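# Analysis of the macromolecular model
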Amino acid sequence: MVDNVCEMKAMKSIEKIAMTIAVVILSTSSVFAARQDAAQVKGRVLDASTGEPLGWATVAVMAADSSLVGGIACDENGNYTLSLTPGSYTLNASLLGYVDQNRQVEAKPGITEVPDFRLETDARMISGATVTGKVALVEMKVDKLVMNVSQSAFAQGSNALDLIRKAPGVTVDKDGNVKLNGKSVSIWIDGRPSYVDGKSLESLLRSTNGESIDKFEIMEHPSAKYDASGQGGIINIKTRKNLLAGLNGSLGLGGGGMYFAEPDLAPWQQTAWLNLGYRTKKTNTFFSIYEGFYNNHMQLRNDLTMPENDFHQLGNTTLLNFYHNYNVKLGNDWFIDDRNTLGVILYVPGEYSTTDSDASTTEQWLGGEKVMTMNSVIGNLQKSTQYTANLNYTHIFDESRSAEITTNLDWYRSNGSDHNTQEDEIFYAGQDRPVPGSKLIDSGRIYDIYSAKADYQTVIAGRYMLEAGAKWALSVTDNNTLEQQTGIPENDITFRYREHVGAGYVSMSAQFGKKFSAKLGLRGEYTDSFGDWISAGDCTRRHYFDLFPTAYVGFTPNEKLRLSLSYSRRIDRPGYSRLNPAKTYIDSRTYLVGNPDILPQYSDDLSFMVGLGQHLSLAVGYNNTANAISQIPSYTSDGTQYLTWGNFGRNSIGYASFSVASLPITGWLNWTFTANALYIDSQSSLYDLSSSQLGAQSYMAFSFILPKDWKIELDGNASTAMRMANYHIHPTFVSNLAVKKTMLDNRLTLSFSLDDIFRTSTNDIDMEDGSGTGTMSKIGQKYYNQKFLVDLTWSFGKASSTRHRKVGNLEEMSRASGGNGLGK
């Protein structure tokens, strides 16, 4: 057990790392633009016992309200130079393995010499104890909301898909489609877009070990540096990085399950992982491997009524899902010299999955009399492997001006296949023998994406941060599908898609005195696409250029109050799976189909935020989406329903939110709470259909910090009924519990978790076809997600000080700022 003194040391060590990371972020972002030529602060950081300079130590700059406004990494001789607006500041010098030291400084016009910092060795840190501190679960930043996943007891034994469901305002359907406050978002990993949606995104998230994730950065108004895709902004998944010299790592395994007496199901899971890092003064090598087996189940109920024909159809299907996920990641950063860093990353996630049902029943009534019963056996085998390679290089021109350029070359490939079968026995009224039927759909797909980009930044005139960059990306997809069905001619579908996107951006930011800040950005993107539906002899060619402005204005009158106004314009190009015109069956009588003619949707978002102290915030905003992409339901006379991706019309969302971020209730209890009130208005351009409704979403979490290194977390997500376009979404509520115990100087961690405590995980949707006939399909989706899990992690290695500097590899940069599910 770690005593109170050690716990305080541990907290300081983690705070030191967090401070260092924050300084790196701020020193490479536009917020650090607040400088004037007239005030320069210089000094050195030394070892207190030897008097030797501490190269690469971090010097952070804090304003009078204790907010972090900038910082810099020392050179190899421990020297630092800061350009600041004249005023009073607190400097904090830190280096891993040493105790922090603060110093009050009055920055005056000209050059201000600061007495040497002399840091004492942190004996407990150097002795090799791996310690953890109390970092807030949720933090509110100026431009984003940060969920520190690594501090959560839920991280062990979970994957990214499990954890992202627990993020405030985030909803995920059964196929991995992610939305933030009702708006689609783009998923990024370590500052790079994931490029995928639907099944491919689900596979990627499920293959990402929760233990490897550091934090989620939720950005509703990303800066012009980011791609403009994502109606609701970006969720950036930042993975952990090694800051310790020598060999360090962790090894873990876990598993568990649950039994449901009705309908006699027993979902379970098993996971194992290994993370390794080896860091020297010249190189940082990292390797991770993960494997997980998941057995999850779902009950699907589909109730269709057609009043015009006096027709009623009821379907019930129990889907048994099995997933085998894995990933391997290898990378290296070479610190060539003080100004140049070269990095390479290779990442290979994959999935093998089956979805089976021998209990799928469909019944039909006409005029109140049963006319048909169909029993179906469904099988689906899916294989998917993704490959990602990245080469990145950073050159620092002038560290005193934060002048640097970062280049990235990326390659991504997704190679997948599906084998879907269905065997039917159809009993018609008045017939003694069943009529057999069958369906077979075999599909294969290959996505290749190549991209190159360069990002440059510098402080000009000692006051303004200029950021500019360019990007080019080429996407090529090849889809082949074979459909066979009893009584219907064989259908062979071949669809290929090619897309070029060229982009450039520029942004400027500055701090005006201590109270005002502003940032303006403009991004231009040119798109040239060609969809070739070879089997149908049809093709779609488009090319268009769009401008995407972003604007931010902030005002901080005092340390207790923060005001900001933000605007951004964004685009959602249809995902590759949504363009493919092949069928994807959900149950025996329902399928999804893509549409090569979908247009991109455009969103404008304006928000105003008020921050009260460190923990509270209020926000109001408005989002308007034109050419809104949605699933358009249609029905045939025999009860088959198909959902076609298309442009529904306009969707507007007015919202107000209240957030409490990790508020200390007592010394051992923290409370996190977010609530969003939504007014949703939808207008269809396809047919005469409009809707409007009020709704609400909320997230709440309690963290109990108990003696003897115990931690308990209880969280919950809830939403009221909502209506969007053709869809009526029913209320939802899910709650989870986790317990974590650390032992052996925090090297051994044991965790217990119970997902879906009350077995309330559902996603019920009512769909209307908009034709005015009253046709309605009520779809109930119940997930058997409750599991009791036990996980054990052993951390090894020895902590020692190492240089920590600004490097351009994507894991260490904060870029300042969907799919096949039903009803998404």
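Here, every reference points to the structure presented above.
The structure reproduced in this document is the subject of the present report. Computed from a predicted model, the values in this text were never measured in an experiment.

## Re the overall build of the chain
Helices and strands together make up the secondary structure of the chain, namely 5 helices and 45 strands. Split into buried and exposed, the 824 residues of the chain put 58% on the buried side. Element-wise, carbon and sulfur atoms account for 59% of the exposed surface of the chain, whose accessible area totals about 31600 Å².

## Things to note about the side chain of Arg445
With respect to the helices and strands, the residue Arg445 is situated in strand β25 (residues 435-460). With a relative accessible area of 12%, Arg445 lands in the buried category. Separated by 2.6 Å, the side chains of Arg445 and Asp418 make a polar contact.

## With respect to the environment of Leu201
Along the chain, Leu201 turns up in helix α4 (residues 198-206). The exposure class assigned to Leu201 is buried, which follows from its relative accessible area of 5%. Leu201 sits 14 residues away from Ile187 along the chain, and the two C-alpha atoms are 8.5 Å apart.

## Quick word on the nonpolar core
It is characteristic of soluble globular proteins that their nonpolar side chains tend to be buried jointly. With 31 residues, the main nonpolar core has Val178, Ile187, Leu205, Phe216 and Ile235 as its most contacted residues. Within the residue set of this core, elements represented by two or more residues are β10 (145-147), α3 (160-164), β12 (178-180), β14 (186-189), α4, β16 (213-219), β17 (234-239) and β37 (690-706). The element best represented in this core is α3, accounting for 4 residues.

## Here's the deal with the side chain of Thr775
Along the polypeptide, Thr775 turns up in the loop between β43 (765-768) and β44 (776-784). Side chain to side chain, Thr775 and Thr773 meet in a polar contact 3.0 Å long.

## Some details on a nonpolar patch on the surface
Taken together, the side chains of Val506, Leu522, Tyr526, Phe545 and Leu547 make up a nonpolar region of the molecular surface, amounting to roughly 460 Å² of accessible area. Sorting the residues of the nonpolar patch by element identifies β28 (516-533) and β29 (538-558) as the ones contributing at least two each. Considering the arrangement of structural elements, one finds Phe545 in strand β29. Note on Phe545: relative accessible area 52%, which makes it exposed.

## Some remarks on the environment of Ser94
Relative to the helices and strands, Ser94 is located in strand β5 (residues 87-94). For Ser94, a relative accessible area of 1% corresponds to the buried category. For the pair Ser94 and Phe117, spaced 23 residues apart in the sequence, the C-alpha separation amounts to 9.5 Å.

## Here's the deal with the pairing of β29
In terms of strand pairing, β28 meets β29 through 18 bridges, oriented antiparallel. Each bridged residue has a counterpart across the sheet, and for Leu520 the counterpart in β29 is Ala551. Taking the residues between adjacent antiparallel strands as the criterion, β28 and β29 are bridged by 4 residues, where Gly537 takes a positive phi near 65°. With 7 bridges joining them, β29 and strand β30 (residues 561-572) adopt antiparallel strand pairing. In the strand pairing of β30, Thr550 is matched with Ser568. The hairpin formed by β29 and β30 contains 2 residues between the paired strands.

## Regarding the pairing of strand β23 (residues 369-398)
Where strand β22 (residues 340-366) meets β23, 23 bridges bridge the pair, whose relative direction is antiparallel. Considered in β23, the bridge of Thr361 is made with Asn375. Hairpin connection between β22 and β23: a loop of 2 residues separates the two successive antiparallel strands, and Gly367 in this loop has a positive phi of roughly 65°. As paired elements, β23 and strand β24 (residues 403-428) share 26 bridges and run antiparallel to each other. Of the residues in β24, the one forming a bridge with Gln386 is Ser414.

So, how was this worked out
- Residues numbered from 1 in each chain as written.
- Predicted model: local features only at pLDDT ≥ 70, side-chain atom pairs only at ≥ 80, totals over all residues.
- Heavy atoms only, no water.
- Helix = DSSP H or I, 4+ residues; strand = E, 2+ residues; numbered from the N terminus.
- Buried < 20%, exposed > 50% of the residue type's maximum accessible area, 1.4 Å probe, protein only.
- Areas by Shrake-Rupley, 256 points an atom, 1.4 Å probe, with all protein chains shown as cover.
- Polar contact = N/O pair within 3.5 Å; in protein donor to acceptor, adjacent residues only side chain to side chain.
- Core = buried A, V, L, I, M, F, W, Y, C linked by side-chain atoms within 4.5 Å.
- Patch = residues over 30% accessible without salt bridge, like charges linked within 9 Å, V, L, I, M, F, W, Y side chains within 5 Å.
- Salt bridge = Lys/Arg side-chain N within 4 Å of Asp/Glu carboxyl O.
- Pairing = 2+ DSSP bridges.

All quantities given are derived from atomic positions and should not be read as evidence of function.
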